[in-house]
Amino acid sequence: AFYTKPLILSHHRHPAGFNVRHFGSSSPSWATNNKSGNYYDDEPHVPNVLLVECGVGNDSHGQNATKAAVRACRNAIEFNSVSVKKIIPGGYDNMKLNVILAVPAKYQDGLDLEEVKKVFPFGDIRFTVQDGGMIAPSGRAIKALGDKNDDMVIVNAAVQVGY
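Okay, so let's go over this structure. (Residues numbered from 1 in each chain as written. Predicted model: local features only at pLDDT ≥ 70, side-chain atom pairs only at ≥ 80, totals over all residues. Heavy atoms only, no water.)

Re the pattern of salt bridges
Convention followed: Here a salt bridge means any side-chain nitrogen of Lys or Arg lying within 4 Å of a carboxyl oxygen belonging to Asp or Glu. Only protein chains enter the calculation, and the probe is 1.4 Å; a residue is then buried if its accessible area is under 20% of its type maximum, exposed if over 50%, and partly exposed in between. Helix numbering and strand numbering both begin at the N terminus, where a helix is a DSSP run of H or I of at least 4 residues and a strand a DSSP run of E of at least 2.
Per the counting criterion, the structure on display carries three salt bridges. Between D59 and K67 there is a salt bridge, with its nearest N and O atoms 3.8 Å apart. Using a relative accessible area of 3% as the deciding quantity, one classes D59 as buried. We note a salt bridge from K106 to D151, for which the minimum N-O separation is 3.1 Å. Taken together, the positions of K106 in the loop between strand 6 (96–103) and helix 3 (113–117) and D151 in strand 9 (residues 151–162) put the pair 45 residues apart, joining distant regions of the chain. Its relative accessible area of 56% is what places K106 among the exposed residues.

See the structure below:
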């Protein structure tokens, strides 16, 4: 059965009803299936994936999905040293990144992708935000730290690097 609300799907297969949204520095080419109202991405953003780097980040106080996503992306890329000019034709100018973020649905509206984008010094970046990550109790809400409750926001990141 198809959902009645628009659902954006990537070249990855997600279960029915799985919330996935794409955001990128270059406008993706969308094809529309008018019968279902679903949108399909014609091509993957990174057709030649060379590396996939994974990371996790959290915000223990303040319930800030952006802070957790920044930490997850930094965790994914911080321990790598890649000779981009040797493995990507055209070097940094031709490098593409597909950043997949699994963020708790409750905190996705507060996600600032422009801030997360600053983690990556190079590349044409496309973000895919999907339901995921985790909300775990910190056991204590501290108003002075910006807490509205005792939720810790945990975000997972997978960064595909290629051209």
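Comments concerning the side chain of T66
With respect to the helices, strands and loops of the structure, T66 is situated in helix 1 (residues 65–77). Residue classification places T66 among the buried positions, given a relative accessible area of 9%.

Concerning the pairing of strand 6
Under the convention used in this document: Two strands qualify as a pair provided that DSSP identifies no fewer than 2 bridges between them.
Along strand 6, seven of the eight residues are buried, which leaves the element largely enclosed by surrounding structure. Sheet analysis places strand 6 next to strand 7 (residues 124–131), joined by eight bridges and oriented parallel. Within strand 7, the residue paired with A102 across the bridge is Q130. Where strand 6 and strand 9 come together, seven bridges link them in antiparallel fashion. The residue of strand 9 that forms the bridge with V99 is V159.

Points about the pairing of strand 9
Among the 12 residues that make up strand 9, 11 are buried, leaving the element largely enclosed by the rest of the structure. Two strands pair when backbone bridges link them, and strand 8 (residues 134–137) and strand 9 are joined in this way by four bridges, in the antiparallel orientation. Directly across from M134, in strand 9, lies its bridge partner I154.

Let's talk about the environment of M134
Position of M134 among the secondary structure elements: in strand 8. With 30 residues separating them in the primary sequence, M134 and P104 have C-alpha atoms 5.8 Å apart.

A closer look at a nonpolar patch on the surface
In plain terms, the rule: Patch criteria: residues need more than 30% relative accessible area and no salt bridge. Like-charged residues are merged within 9 Å; nonpolar side chains of Val, Leu, Ile, Met, Phe, Trp and Tyr are merged within 5 Å. The accessible surface values rely on the Shrake-Rupley method and a 1.4 Å probe; as for residues, cover is taken only from the protein chains in view.
On the surface, L50, V82 and I87 cluster together into a nonpolar patch covering about 200 Å² of accessible area. As for its placement among the helices and strands, L50 is situated in strand 5 (residues 49–59). On the basis of relative accessibility, which here comes to 37%, the residue L50 falls in the partly exposed class.

Quick notes on the nonpolar core
The line we're drawing: Buried residues of nine kinds, namely Ala, Val, Leu, Ile, Met, Phe, Trp, Tyr and Cys, make up a nonpolar core once their side-chain atoms join them within 4.5 Å. Here, two residues are considered to be in contact whenever any of their heavy atoms come within 4.5 Å of each other.
Membership of the largest hydrophobic core comes to 28 residues, with the highest contact counts inside it found for V99, L101 and L111. Of all the elements in the fold, those that place two or more residues in this core are helix 1, strand 6, helix 3, strand 7 and strand 9. If one sorts the elements of this core by residue count, helix 1 sits on top with seven residues. Not counting chain neighbours up to four residues away, the residues in contact with L101 comprise A69, C73, L111, L113, V116, F127, T128, V129, Q130, V155, N156 and A157.

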